Amino acid sequence: MDQLIQETKLSNEEIFTVLNQFITEVIGEEFVEEMDITPASSFTKDLEMDSIEIVAFSEKVKAHFGENIDFTGWLSNMDLDEIIQLKLENIINYIRECQ
Amino acid sequence: MFVVPPFFGHVSPTLSVGASLLARGHQVVWTGITAIAGQHIPEGGSFIVPHQELEEHQDEIVRILKRQDDGPSLSGPEVMKLALEETYIPFARIMMKGLSRVVDDFQPDVIINDCITFAGALCAYLKGIPCVTTTPVPPDVMGDTAQSAPKIFEWQQKLIKGLQKELGIETDDFVIHSHQLNIVFTSKEFAGFSDPEPHMKFVGPVKGRPNNAPFDWERLEAATTPKVFVSLGTLLVDIRKEFFGKLIEAFANEPLTIVAATDPGIFEHWPDNFIVQSFVPQSEIIPKMDAVICHGGFNTVNDTFMNGLPMLITPIAYDHFHTAALIENAGCGIKLRYKRLRVAELRTTIWELLKNEKYRLAARHIRETFTKAGGNNQAVALLEEFAMIGV
């Protein structure tokens, strides 16, 4: 049984690949080329995403991973430092928890 | 007495209102942390800097001012911290002692504090002097954080309450702004307020501050192609070269005349269709333009729509994104985010703004709301009425 569940869940790397694609779609290929996106990349500092881009990104996450992933709701409960520190890997973990 | 911050965009509308008040025979002074050049001060007014009390804070003031240059490279939430925690609150703390003395010397009937210069309202509260606030930008930049981001709301509340307590103000009300009269220099239609609180008075743009900068009018008159004015305002010194470099790339070979308000020294050569000058008589130049490019500094935004022109706004930091959203909502311009600025897109967007009439029509509608808001006359009438009741 355990194994079955394991198989349906995506691994961190798989989630990262999907998120990387979404980021490229949202901020544009030519800008992504200049960035080295890793799970340790921070949303605001490294990817320089503004609120409109974050909303567009979260729509894509929702459409792909399911409605129960309330990305913007999750963000709205953070304080400023948490948002500033927010890294791609935090979102990967959040998606895994929600799956 | 106007209490202003060391940011010209915030001082500018107070200079215009102050000029009108002086013309009506009132006594007007400004006070702040750094003096502004005498030529900007309306005749009969004066700018008082309490140097003696500020002396011990000089290093901190220099550091905070320098820190503002980091704004463009910071993220939204970092800018929020920079603004409130690292700038507005420390400036309020630094100003209190000197301001208190200046107020005792001048004995103002009314203190008018700029919206980010909390010391003015705090001092007025402590001394029981009637207080008005001026707001040069559309209010509500942060949105309804109590609902949308409770922890950020809490952070704001805590910082402001902490400051008030430190100064011996025990009330639970926020007294960093006036609750009696807040004069906002835009229209409520543009700012997206259908039903503002009664003390919020939207008077639209004001004008009349002295600006005697010379300009090569002959060269401008001789231009036959569409004219576009470009300004990055008075801050944001560090990114000028990059920004204007992109503009050169986009427009050097286009049938356009670009009037760029920036230090010409940042490039050795400018294309022939660029007229470049550091300080310009902006309010006289913009009426002769066909479109404006700016980052969203509010005085340029007001000048643009007062002349019914479309705008390409390239928000960088601070409240620029909020302003850009308002412009797109109103349909009077297009936003291209500075950090995602593509040269080709700059070019196509400017031609879209120049050729598609709908942007100009929307901009003219905003002009109507601005004119109807009353400008200088309305601001003066509100202040005179307030002073009569308050004294």
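A quick note: this is a predicted structure, and the numbers were derived from the prediction, not measured. (Residues numbered from 1 in each chain as written. Chains lettered and ligands numbered in written order. Predicted model: local features only at pLDDT ≥ 70, side-chain atom pairs only at ≥ 80, totals over all residues.)

Visitor: Any chance you could explain the overall build of chain B here in plain terms?
Guide: When helices and strands are counted, chain B shows 16 helices and 13 strands. Against the compact-globule benchmark of 21 Å for 391 residues, chain B has a radius of gyration of 21 Å, which places it among compact chains. Taken along its principal axes, the extent of the C-alpha atoms in chain B is 60 × 45 × 45 Å. Considering chain B as a whole, with its 391 residues, one finds that 43% of them fall into the buried category. (Helix = DSSP H or I, 4+ residues; strand = E, 2+ residues; numbered from the N terminus. Rg over C-alpha atoms; globule rule 2.2 N^0.38 Å. Buried ≥ 20, exposed ≤ 12 C-beta atoms within 10 Å, placed from the backbone.)

Visitor: How should the confidence of the model for chain B be read in this particular structure?
Guide: Model confidence for chain B is summarised by a mean pLDDT of 93, while 98% of its residues fall at 70 or above. Among the scores for the predicted complex, ipTM is 0.76 and pTM is 0.89. (pLDDT = per-residue confidence, 0-100.)

Visitor: Mind showing me how you'd approach the pairing of strand E8 (residues 227-231) of chain B here?
Guide: Regular strands have side chains that alternate between both faces of the sheet. All names here are of chain B. Of all the 5 residues making up E8, 5 are buried; the element is thus mostly covered by neighbouring parts of the structure. Burial along E8 is two-sided: Lys227, Phe229 and Ser231 facing one way and Val228 and Val230 facing the other are all buried. Inspection of the sheet shows E8 paired to strand E9 (residues 257-261) by 5 bridges, in the parallel sense. What sits directly across from Val228, in E9, is Ile258. The pairing of E8 with strand E11 (residues 291-294) spans 4 bridges and is parallel. Residue pairing in the sheet places Val230 in a bridge with Ile293 of E11. (Pairing = 2+ DSSP bridges.)

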